[in-house]
Amino acid sequence: QVQLVESGGGLVQPGGSLRLSCAASVSILSINTVGWFRQAPGKQRRLVAAITSGQITNYADSVKGRFTISRDSAENAVSLQMDSLGPEDTAVYYCNTGDLRGSGYYWSNYWGQGTQVTVSS
């Protein structure tokens, strides 16, 4: 299976920024789609942003205009740049691999430990 390692989380003040990284055990060019998810306490895990090998991106409405997903070939990783963070963004963030087929995403059943993002004063 493809192994992904999330990093870059931490404590940030409201209005601040963080850049998360999802490092892959295989070339990111061989992965059709990488998605960033987040799960807040007591909430479902939800897709935040996704990027395909063809550079097609998609964002949840809640983060659109604030978050940017991109591929970093030098680090063999997919990044999530998060700006204008607010307390509502506090969650454990995960990345996963999948495929974009038609209008839907199909994700791997394997999840890592994620990285904690806390937005607080």
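Just above, that's the structure.
Colleague: Help me understand the overall build of the protein, please; the structure alone is not making it clear to me.
Modeller: Tallying secondary structure elements over the protein gives zero helices and eleven strands in all. Its helices and strands in sequence order give the protein the pattern β-β-β-β-β-β-β-β-β-β-β, from N to C terminus. In summary, the protein has a C-alpha radius of gyration of 13 Å against a globular reference of 14 Å for 121 residues, a match within 12%. Looking at the protein as a whole, 40% of its 121 residues are labelled buried. Counting contacts in the protein only where the partners sit at least 6 residues apart, residues at least 24 apart contribute 56% of the total.

Colleague: So what exactly am I meant to see when it comes to the nonpolar core here?
Modeller: One broad trend across soluble globular proteins is that nonpolar side chains are buried collectively. Core analysis: the largest hydrophobic core is formed by 26 residues, its most contacted members being Trp-36, Phe-67, Ile-69, Leu-80, Met-82 and Tyr-93. Looking at this core element by element, the count peaks at four residues for strand 3 (residues 18-24).

Colleague: Looking at this model, I keep getting lost on the state of the cysteines. Mind explaining?
Modeller: Note on terminology: disulfide describes a covalent bond linking the sulfur atoms of two cysteines. Per the stated rule, a full pass over the model turns up one disulfide. One disulfide bridge connects Cys-22 with Cys-95, the sulfur atoms lying 2.1 Å from each other. One disulfide, between Cys-22 and Cys-95, carries an S-S torsion of 80 degrees and so falls in the right-handed class. With Cys-22 in strand 3 and Cys-95 in strand 9 (residues 91-101), this residue pair connects regions lying 73 residues apart in the sequence. Of the residues examined, Cys-95 reaches a relative accessible area of 2% and is grouped as buried.

Colleague: Any chance you could explain unusual backbone geometry here in plain terms?
Modeller: With glycine set apart, most residues show a phi of negative sign, and most peptide bonds adopt trans. Its identity is not glycine, yet Asn-76 carries a phi of approximately 50 degrees, on the positive side. By the element assignment, Asn-76 lies in the loop between strand 7 (67-72) and strand 8 (77-82). For Asn-76, a relative accessible area of 21% corresponds to the partly exposed category. A positive phi angle, near 50 degrees, is found at Ser-84, a position not held by glycine. With respect to the element layout, Ser-84 can be found in the loop between strand 8 and strand 9. Judged by relative accessible area, Ser-84 falls into the partly exposed class, the value being 45%.

Criteria and thresholds
Residues numbered from 1 in each chain as written. Predicted model: local features only at pLDDT ≥ 70, side-chain atom pairs only at ≥ 80, totals over all residues. Heavy atoms only, no water. Helix = DSSP H or I, 4+ residues; strand = E, 2+ residues; numbered from the N terminus. Rg over C-alpha atoms; globule rule 2.2 N^0.38 Å. Buried < 20%, exposed > 50% of the residue type's maximum accessible area, 1.4 Å probe, protein only. Contact = heavy atoms within 4.5 Å. Core = buried A, V, L, I, M, F, W, Y, C linked by side-chain atoms within 4.5 Å. Disulfide = S-S within 2.5 Å.

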